[in-house]
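Summary of structural features
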Amino acid sequence: MNLATAATASIEKDESSELLKQVTKEGDKVKASIFDEIASLQTPEAFEASMEATKKVKKEPMLNRAYGAFALYRDSTLRSRAIEFLAKDSQRHRKKYNQRAAARGLAKFREEA
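Throughout what follows, the structure given in this document is the object of discussion. Values in this document were obtained by computation on a predicted structure and should not be read as measured data.

Below, the discussion takes up the environment of D89. Position of D89 among the secondary structure elements: in helix α5 (residues 79-92). Considered as a pair, D89 and A101 are 12 residues apart in the sequence and their alpha carbons are 8.8 Å apart. In this structure D89 touches Y67, N98, Q99 and A102, once residues within four positions along its chain are discounted.

Another aspect to go through is the nonpolar core. In terms of nonpolar packing, the biggest core is built from 31 residues, with V23, F35, F70, Y73 and L86 touching the most fellow members. Going through the elements one at a time, α1 (3-26), α2 (34-39), α3 (44-53), α4 (60-68), α5 and α6 (96-107) are the ones with two or more residues in this core. For this core, the leading source of residues is α3, giving 5 residues. Among all residues touching F70, those that are not within four sequence positions of it are F47, S50, M51, T54, A82, F85, L86 and F109.

Procedures and definitions
- Residues numbered from 1 in each chain as written.
- Predicted model: local features only at pLDDT ≥ 70, side-chain atom pairs only at ≥ 80, totals over all residues.
- Heavy atoms only, no water.
- Helix = DSSP H or I, 4+ residues; strand = E, 2+ residues; numbered from the N terminus.
- Contact = heavy atoms within 4.5 Å.
- Core = buried A, V, L, I, M, F, W, Y, C linked by side-chain atoms within 4.5 Å.
- Buried < 20%, exposed > 50% of the residue type's maximum accessible area, 1.4 Å probe, protein only.

Below you can see the structure in the form of structure tokens.
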């Protein structure tokens, strides 16, 4: 990894971390588009932040946005991880709101899931 690539990766990690901190701080009052902002970074760190973000909101409309953002990984190397995560939460999450929101997110993958 060259210096420029390392610097870019560090910036993207910092960006996803900062966005996740905002979700953690504001919870359900965070702007709904933040979940798409995190996922649009398309990095493994952003993917981890996306998963963590689903734990930081409680209301179903925000859960729908958090889980729905995983559709942005549809055309990335993280697609199979996104499908796996959504399938798991749609079936096994202890909260029904999360199960429903994860199922809606999974549906965005259509036949791929």
